[in-house]
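Analysis of the macromolecular model
Single-letter residue listing:
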Amino acid sequence: MTTKTTFIMTTLHVIAWILFVGLCIETGILLFSFVVNIVVNNKEAENLYKGLNLATLYQYSIWQYVAVSSLLIFLSGLKAFIFYLVIQIFTKINLINPFSLEVSTLISKISYVALQIGILSIIVSGYIKWLAKRGIELSNVSDYLGGASEYLLLGGVIFMIAQIFKRGIEIQTENELTI
């Protein structure tokens with residue numbers, strides 16, 4: 001393995017850790033803000049995180065507020081989980097024989113989680129539109145969600161890579177048996 005490859009892999013591993021920690025902090029902040037808002041003070045719904053304002057939803061119905069907040073916390077947690085799986089890939093991969101069942105399984109899991117994020121984002125967007133029809137304005141939630149289609153595309157592409165990786169495992173195993 002060349003020095004350049006080692007440097008790139010180390011840099012990507014560090015970036016994955018930074019993103020994982022950042023997303024865990026985001027999830028923790030959302031969860032903490034939600035708990036504080038429910039238990040202590042309902043005025044915190046005005047600025048949960050990055051301008052996320054659910055105060056009108058909280059005033060409309062606490063159950064709707066709990067549902068939307070829970071979905072947002074779960075989505076944020078799933079995004080962090082993707083980077084946890086990426087970190088696991090970096091710890092398990094062997095660049096001399098890169099095709100292993102463990103790495104293949106992790107890549108497949110990443111594709112499934114990305115698809116789950118895309119589908120859940122579509123559900124949350126539909127739920128927000130349904131609430132908007134009832135007069136609750138939650139326009140900034142859509143900005144916070146991001147794009148569902150990007151995660152669906154990401155999940156599909158990574159799933160294809162996982163299938164190619166499985167084929168690579170088969171070829172590597174055949175070559176090991178032949179030699």
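Notes on the structure follow. Sequence order sets the numbering: in each chain, residues are counted from 1 along the sequence as written. Given that this is a predicted model, residues contribute local features only at a pLDDT of at least 70 and side-chain atom pairs are listed and counted only at 80 or more, while totals for whole chains, interfaces and linings are drawn from all residues. To obtain the side-chain values, all non-hydrogen atoms of the structure were used and water was disregarded.

Now for the overall build of the chain. Helix and strand content of the chain: 6 helices and 0 strands. A run of H or I in DSSP counts as a helix once it spans at least four residues, and a run of E counts as a strand once it spans at least two, with each numbered from the N terminus. When the elements of the chain are put in sequence order from the N terminus, they spell out α-α-α-α-α-α. Taken over the C-alpha trace, the chain has a radius of gyration of 20 Å; the compact-globule value for 179 residues is 16 Å, which it surpasses by more than 25%. For the C-alpha atoms alone, the extent of the chain along its principal axes is close to 70 × 30 × 25 Å. The buried label goes to any residue with under 20% of its type's maximum accessible area, the exposed label to any with over 50%, and the partly exposed label to all in between, with areas taken from a 1.4 Å probe on protein chains only. A total of 179 residues make up the chain; the buried ones form 36% of that total. In the chain, the share of contacts with a sequence separation of at least 24, taken over all contacts with a separation of at least 6, comes to 73%. Per-residue accessibility takes into account occlusion by the displayed protein chains alone, with areas from the Shrake-Rupley method and a 1.4 Å probe. Carbon and sulfur atoms form 67% of the exposed surface of the chain, whose accessible area is close to 10,700 Å². Only four residue types enter the tally: Lys and Arg on the positive side, Asp and Glu on the negative side, with His and both chain ends excluded. Here the site of a charge means NZ on Lys, CZ on Arg, CG on Asp, or CD on Glu. If the 11 positive side-chain charges of the chain are averaged to one point and the 10 negative ones to another, these points end up 3 Å apart. The reference for a compact globule is 2.2 Å times residues^0.38; the radius of gyration itself is calculated from the C-alpha atoms. Any two residues having at least one pair of non-hydrogen atoms within 4.5 Å are treated as being in contact.

Multiply 1.5 Å by the residue count of a helix minus one, and that product is the helix's expected span. The end-to-end C-alpha distance of helix α1 (residues 3-39) is 53 Å, a good match for the 54 Å that 37 residues give at a rise of 1.5 Å each. Within the sequence span of α1, burial applies to Ala16, Phe20, Leu23, Glu26, Thr27, Leu30, Ser33, Phe34 and Asn37.

Take the packing of aromatic side chains next. A pair of aromatic rings is counted whenever rings of Phe, Tyr or Trp (Trp by its six-membered ring) have centres within 6.5 Å, and the orientation is called stacked for planes under 30 degrees apart, edge-to-face for over 60 and tilted otherwise. This structure, assessed with the given rule, holds 8 aromatic pairs. Between Tyr127 and Trp130, the ring centres sit 5.9 Å apart and the planes meet at 10°, which makes this aromatic pair stacked. One end of the pair is Tyr127 and the other is Trp130, both in helix α4 (residues 101-133) and 3 residues apart, which spans about a single turn. Overall, the relative accessible area of 35% leaves Trp130 in the partly exposed class. An aromatic cluster of three or more residues is present, and its members are Trp17, Phe20, Phe81 and Tyr84.

Definition used for salt bridges: Asp or Glu carboxyl oxygen within 4 Å of a side-chain nitrogen of Lys or Arg. Tallied over the entire structure, the rule returns 1 salt bridge. Among the ionic pairs, Glu170 bridges to Arg167, the shortest N-O distance being 3.0 Å. With a gap of 3 residues between them, Glu170 and Arg167 both fall in helix α6 (residues 148-178), about one helical turn apart. Take Arg167: its relative accessible area is 42%, and that puts it in the partly exposed class.

A word on α4. Look at α4: 48 Å from first C-alpha to last across 33 residues, which is about the 48 Å you get at 1.5 Å a residue. The positive-phi residue at the C-terminal boundary of α4 is Gly135, with phi of around 95°.

Where helices are involved, their axes are fitted lines through C-alpha atoms of the stretch in contact, as for all axes, and angles between N-to-C directions lie from 0 to 180°. Two numbers describe how helix α3 (residues 62-92) lies on α4: the axes approach to 10 Å, and their chain directions differ by 160°. In terms of orientation, α3 and α4 fall into the roughly antiparallel class. Where α3 crosses over α4, the two elements pack in a sense that is left-handed. In terms of residue class, the contact of α3 with α4 is built from 24 nonpolar, 4 polar and 4 charged. Each angle gets one of four labels, with under 35 degrees taken as roughly parallel, over 145 as roughly antiparallel, 65 to 115 as roughly perpendicular, and the rest as oblique. What makes a crossing left-handed is the near helix being turned counterclockwise from the far one by less than a right angle; a clockwise turn instead makes it right-handed. Each residue gets one label: Ala, Val, Leu, Ile, Met, Phe, Trp, Tyr, Cys and Pro are nonpolar, Asp, Glu, Lys and Arg are charged, and the others, such as Gly, are polar.

So, on to a nonpolar patch on the surface. Like-charged residues within 9 Å of one another, or nonpolar side chains (Val, Leu, Ile, Met, Phe, Trp, Tyr) within 5 Å, are grouped into patches, provided each residue has over 30% relative accessible area and no salt bridge. A grouping of Leu31, Val35, Ile38, Val39, Val40, Ile62 and Trp63 is seen on the molecular surface, where their side chains present a nonpolar patch of about 700 Å² in accessible area. Those elements that place two or more of their residues in the nonpolar patch are α1 and α3. Sorting elements by how many residues they give to the nonpolar patch places α1 first, with 4 residues. Position of Trp63 among the secondary structure elements: in helix α3.

Attention now goes to the environment of Leu85. Looking at the element boundaries, Leu85 is found in helix α3. Given the relative accessible area of 2%, Leu85 is considered buried. The spatial distance from the C-alpha of Leu85 to the C-alpha of Val103 is 9.6 Å, given a sequence separation of 18 residues.

It is worth stressing that arrangement in space is one thing and function is another; only the former is reported here.
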